Amino acid sequence: HIYDRRDLQDDLLTQFNAAVFFLMKHLNRRSEIKGVNRKDIYEIPFEALREAIANAIIHRDYSMRGTSLMVEVYDDRVEIVNPGVFPGAQKKDFGKISVRRNEHIADLFFRMDKVERAGTVIRRIKEAMATAELPTPHIRQTAFYTITFKRPIESDGEKVGGRAEKKLVDGVAEGVVDTTQKTTQKTTQKTTQKIL
């Protein structure tokens, strides 16, 4: 079942922002209060997702007609599917070196402070996931490049495969205020953002 779908044809920055907001809408989050400020923490680190979306837009093979960059949210995973494989990357060098397929787009995203030029996206994604105590995303390259982020599985209110929410002590939460959004479906849930 497809519960939400958005097809987008616009400039690349608008596509990037729409993909980020789409994920914000469909992923679970919790809030922590530290001092006087509240911070929303998503089930998958947004630093990793932001890097993956920007990377997909920058390295997309725009010559492949009839294809789209897809951001898909399932009940157990998030997939970003990108037309084309990364140019020049041998399997042993993947994540260590970077060849920019679209130099002008890469330069624009760098000047908009969306990416770095160092070719460290894969390393930063892995670090963000490790910090959140989540598994490293699975990367698959065929005619398309797909990166799959596993969503933490909840069992009786506790997260499995990620940081568990802190328990209540004498009715007061230690650091965690509340869960502000929770998406649960008994059937397989698929939400899709198609970027043309």
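As a reminder, the structure under discussion sits directly above these lines.
What comes next is a walk through the structure. (Residues numbered from 1 in each chain as written. Predicted model: local features only at pLDDT ≥ 70, side-chain atom pairs only at ≥ 80, totals over all residues. Heavy atoms only, no water.)

In the contact formed by helix α2 (residues 46-59) and helix α4 (residues 121-131), the axes pass within 8 Å of each other and the chain directions differ by 155°. Comparing the axis directions of α2 and α4 gives the class roughly antiparallel. Where α2 crosses over α4, the handedness of that crossing is left-handed. Each of E47, A48, E51, A52 and N55 in α2 lies in contact with α4, whose residues at this interface are V121, R124, I125, A128 and M129. (Axes fitted to C-alpha atoms, helices over the stretch in contact; angles between N-to-C directions. Helix = DSSP H or I, 4+ residues; strand = E, 2+ residues; numbered from the N terminus. Parallel < 35°, antiparallel > 145°, perpendicular 65-115°, else oblique. Left-handed = near helix turned anticlockwise from the far one by under 90°. Contact = heavy atoms within 4.5 Å.)

Bringing the pattern of salt bridges into the picture now. Inspection of the entire model under this criterion finds 12 salt bridges. Across the pair E32 and R30 runs a salt bridge, and its minimum N-O distance is 2.6 Å. The buried category is assigned to E32, whose relative accessible area is 16%. Accessibility expressed as a relative area gives 7% for R30, which makes it buried. One salt-bridge network, held together by shared partners, links R29, R38 and D40. (Salt bridge = Lys/Arg side-chain N within 4 Å of Asp/Glu carboxyl O. Buried < 20%, exposed > 50% of the residue type's maximum accessible area, 1.4 Å probe, protein only.)

Quick look at the nonpolar core now. With 36 residues, the main nonpolar core has L23, I80 and F149 as its most contacted residues. Only α1 (12-26), α2, β4 (69-74), β5 (77-83), α3 (103-111), α4 and β7 (144-150) provide two or more residues apiece to this core. Sorting elements by how many residues they give to this core places α2 first, with nine residues. (Core = buried A, V, L, I, M, F, W, Y, C linked by side-chain atoms within 4.5 Å.)

As a further point, take the packing of aromatic side chains. For the structure shown, the criterion picks out two aromatic pairs. Centroid distance F16 to F109: 5.9 Å. Interplanar angle 85°. Geometry classified as edge-to-face. Here F16, found in helix α1, pairs with F109, found in helix α3; they are 93 residues apart in sequence, far enough to count as distant. The burial state of F16 is the same as that of F109; both residues are buried. The aromatic ring of Y74 is capped on one face by R77, whose charged end is 3.7 Å from the ring centroid. (Phe/Tyr/Trp six-rings, centres within 6.5 Å; stacked < 30°, edge-to-face > 60°. Lys NZ or Arg CZ within 6 Å of the ring centre and 35° of its normal.)

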